[in-house]
Structures are given as C-alpha cells and as structure tokens.
Amino acid sequence: MLRGTILRRSVAILLLAAFCLCSACKAEKKEEKNSIRIGVCLYRSDDTFINNVRAELEKRVKEYELETGARVTLDFQDAKGNQSTQNSQVERLISLGCDALIVNLVDRMDASGVIDRVSTAEIPTVFFNRQPVEEDMNRWDRLYYVGSDAKESAVLEGGMIADHFRNTPEDVDPNGDGVISYVLLEGESSHQDSLIRTEWSIQTLKDAGVPVERLAGGIANWERTQASALMEQWLNQYPEQIEVVISNNDDMALGAVDALERADIDSVFVVGIDGTTPALDAIARGRLAGTVQIDLKQYARVLFAIAMSEVTGEEIPDTIELTEGKYYMCPQRVVEREAVRTE
Ligand code: BGC
C-alpha cells in the first residue's frame, strides 16, 4: 500500500518535471522566434535623407512590434564615410547574431567586402540608396536592393520647371527673355543618382521645348554647406542672371536657399529631390519652390518587409513587386508651393 503511494507520487513528480521542462523548451523556442535582431549600416548618419529613412524604419518597427507582440532590435552603425569601417561593422553585426542586415554602402562600387561576409555567414541583406553593381547583386540570391528610380525623379523635377514655364513663366524666367538661365548642383560623382538626375532634369526641359542656358554647375556632394558655398560663388559671378537652381537633392537645394537668403534675393526658383523634412518645411515657408518627394513610409515598409520575410520564411506581401526578384523602386511625387501642375 505504502509502496504503491510512493510509486504514484514519484510518477506524478516525474510527469510534472517533464511538463515543466517541455514548457521551458517551448518558451525558449517562442522567445527565440519572437526576438529578431536586424543590423542597419549607414554610410553616414549625418546625411539628412538617410536620417529620414532611419526615422521611418524605426517607426515601422514599432508598429510591427505592436501588431505582432514580437521584439525587433535595430542595431544602427555609422560608417562615417569609410568602406573598411563598414566592412568591420558588418563583421561585428554578424558575430552579434543578427538575423538580417540592411546596408547603405559607403562605396557602391566596392560591395564585395560586405557581400563576402554576409554570404559566408548566410545573413540575408537588403541594400538601399547606394546601389551595388549588377554583377555584385547577382553573387548571391539573398541580396536585395531598395531605392528610387533616378530618371523618374529627374523627369518629375524637370517637369515641374517646364510646367511653370508654360503656366507662370515669370516664376522661372523673371527677366522674360524666353530662356531659363540655370545653375546645377550635383551630388557625389560616384553615386548612381547624381549622373542620371543631372542628365534627365535637363533632358526633360529640352524635350518639353523649354529653351535653357546653363550658367554654371558643380559637385557639392549632397551637402548643404558645400552647395551654399558654390551658390555664393555663382551669385558673385552672375549677380543678375540666375533664374533657376536645379539640385540633385534637397539638402543642396537648401544650401542654395541659404546663400540666396544671405544675399537677400528671393526671385530665384529653387528645386530639389527627396522630400526631406527640412525641405518640406522650407516649401511651406515659401523658401523652396518644390521637390520630388520619395515615399519614405513605403521605403521603410519595403526594407523591413523584405528583411522580415527572409528571417521568418514568410512570403513578401503581394503588394510589393520586386523586379528580377530583388529590386524595388519607391514611388515618388512632386510637392510644390503652388499646385500649378495641369496634367
Ligand atoms: C539622396 C541624397 C542623399 C544620398 C545619399 C541620394 O539618393 O537624394 O539626399 O544624400 O542619396 O547616398
């Protein structure tokens, strides 16, 4: 009788122990699945556009955590414009156990240091904004790229000026000679967006039959202060002639605005590309004529969705269509001081 009771108790204890062990295992597995770590490498954290992408990405992750109850850690790294620093950061993020990486290359022509490391460690990677060459993108089937179509940005930017020339020519040709005299601010020469944006903003004006005269142009590396210095120089050279400033991005457009404000000139029509927060503010204040706004909400949504689908094994949502299974270009639209677009 006593022996029977002892036996029953032992079995119960054993069962209880086994149950506890099992629940602990399950909890651990669930914990593993519910906690995701994504490394995010930035070429420079002081770039306004990149900072805006970062802010949207953080928002998207918070939303996702609320929707799903999962925990997602974004581990940001700033390469401060140095590719070998970025390669070491990638190595460190891999050793920290990141499930996926989101990478804004420093040197888009030198992606091999990053690709070698992520493909060896089998960490899926989504590049953005600084596009690796096709040959590099084809080196592994878990590499993706998210960006915006540079030609589309420039066609919209040029189209904005052409619309004003047709509808309110005094905005872009204040001296009324029928020719738009412009200066052009270019981004880094190695960036895929600079060359294409420069070429197509002007080509769009020409295609629209708008007579143009280029007074000056120069590289300001996407930077507001460099652009401001160039503009100051051009204002000294052409004090009366500049009618339009065409900029490859918003920060340089704002640099031109800074120089114009210092010179107390408000008759020059300045346009940019990006739709960054300071640019939208400047448009609202009437300092900047317009911009081409890249849909940053969608940018962040897609970056995160691709990374997560690689981590969880779930399909990328149907609404996100990838070209060649790996490229996504974000939608963009014109934002202007006055809605004069007629098309
Ligand atoms: C943006 C710039 C930014 C650069 C950084 C470009 O696409 O228009 O504002 O500085 O990317 O790579």
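Heads up: the structure comes first, above all this text.
Residues numbered from 1 in each chain as written. Predicted model: local features only at pLDDT ≥ 70, side-chain atom pairs only at ≥ 80, totals over all residues. Heavy atoms only, no water.

## Observations regarding the sheet that holds strand β7 (residues 212-219)
Now for step 1: Strand order in the open sheet formed by six strands is β7-β6-β8-β9-β10-β12, and the pairing between neighbours is mixed. Across the chains shown, the open sheet's two edge strands, defined by having one partner strand only, are β7 and β12 (332-336). The average undirected angle you get between the axes of adjacent strands in this sheet is 20 degrees.
Now for step 2: In terms of strand pairing, strand β6 (residues 180-186) meets strand β8 (residues 244-247) through four bridges, oriented parallel. Counted as the bridge partner of leucine 185 is serine 247 from β8.
Now for step 3: Of the strands in this sheet, β6, β7, β8, β9 (269-274) and β10 (290-294) touch helix α8 (residues 192-207), which is tilted by about 165 degrees from β6. (Pairing = 2+ DSSP bridges. Helix = DSSP H or I, 4+ residues; strand = E, 2+ residues; numbered from the N terminus. Axes fitted to C-alpha atoms, helices over the stretch in contact; angles between N-to-C directions. Contact = heavy atoms within 4.5 Å.)

## Overview of helix α2 (residues 48-68)
Now for step 1: Spanning 21 residues, α2 covers 30 Å between terminal C-alpha atoms, matching the ideal 30 Å at 1.5 Å per step.
Now for step 2: When we look at burial in α2, the residues that qualify are Thr48, Phe49, Ile50, Asn52, Val53, Glu56, Leu57, Arg60, Val61 and Tyr64.
Now for step 3: Structurally, the start of α2 carries an N-cap: the backbone nitrogen of phenylalanine 49 is 3.0 Å from a side-chain oxygen of aspartate 47.
Now for step 4: Remark: glycine 69 follows α2 within two positions and exhibits a positive phi of approximately 80 degrees. (Expected span 1.5 Å × (residues − 1). Buried < 20%, exposed > 50% of the residue type's maximum accessible area, 1.4 Å probe, protein only. Polar contact = N/O pair within 3.5 Å; in protein donor to acceptor, adjacent residues only side chain to side chain.)

## With respect to the pattern of salt bridges
Now for step 1: With the rule as written, the count across this model stands at 19 salt bridges.
Now for step 2: In this structure, glutamate 67 and arginine 60 form a salt bridge, with 3.5 Å as the shortest nitrogen-oxygen distance.
Now for step 3: Overall, the relative accessible area of 55% leaves glutamate 67 in the exposed class.
Now for step 4: As a salt-bridge pair, glutamate 310 and arginine 142 come within 2.6 Å of each other at their nearest N and O atoms. Note that glutamate 310 is positioned in helix α12 (residues 296-312) and arginine 142 in the loop between α5 (134-137) and β5 (143-147), a separation of 168 residues in sequence.
Now for step 5: For glutamate 310, a relative accessible area of 16% gives the class buried.
Now for step 6: Since its relative accessible area comes to 24%, arginine 142 is described here as partly exposed.
Now for step 7: Each of the salt bridges in this network shares a partner with another, and the network as a whole consists of Arg44, Asp46 and Glu223. (Salt bridge = Lys/Arg side-chain N within 4 Å of Asp/Glu carboxyl O.)

## Details of the site of the ligand
Now for step 1: Lining the immediate surroundings of the ligand are Tyr43, Asp47, Phe49, Asn129, Arg130, His191, Asp193, Arg197, Trp222, Asn249 and Asp274.
Now for step 2: Within the side chain of aspartate 193, a nitrogen or oxygen atom sits 2.6 Å from an oxygen atom of the ligand.
Now for step 3: Here an oxygen atom of the ligand and a side-chain polar atom of asparagine 249 are 2.8 Å apart.
Now for step 4: Compared with its free state, where it exposes 310 Å², the ligand has 98% of that area covered by protein.
Now for step 5: Across the shell around the ligand, the residue classes tally to three nonpolar, three polar and five charged. (Near = heavy atom within 4 Å. Areas by Shrake-Rupley, 256 points an atom, 1.4 Å probe, with all protein chains shown as cover. Nonpolar A, V, L, I, M, F, W, Y, C, P; charged D, E, K, R; others polar.)

## Thoughts on the packing of aromatic side chains
Now for step 1: Inspection of every chain in the model, using the stated rule, returns three aromatic pairs.
Now for step 2: Taking the centre distance of 6.0 Å and the plane angle of 80 degrees together, the rings of phenylalanine 49 and tyrosine 299 count as edge-to-face. In this pair, phenylalanine 49 is assigned in helix α2 and tyrosine 299 in helix α12, connecting sequence segments 250 residues apart. With respect to burial, phenylalanine 49 and tyrosine 299 carry one shared label: buried.
Now for step 3: Note on tyrosine 64 and phenylalanine 304: the rings are 5.0 Å apart at their centroids and 80 degrees apart in plane angle, and the pair reads as edge-to-face. Note that tyrosine 64 is positioned in helix α2 and phenylalanine 304 in helix α12, a separation of 240 residues in sequence.
Now for step 4: Taking the relative accessible area as the measure of exposure, phenylalanine 304 reaches 2% and is therefore buried. (Phe/Tyr/Trp six-rings, centres within 6.5 Å; stacked < 30°, edge-to-face > 60°.)

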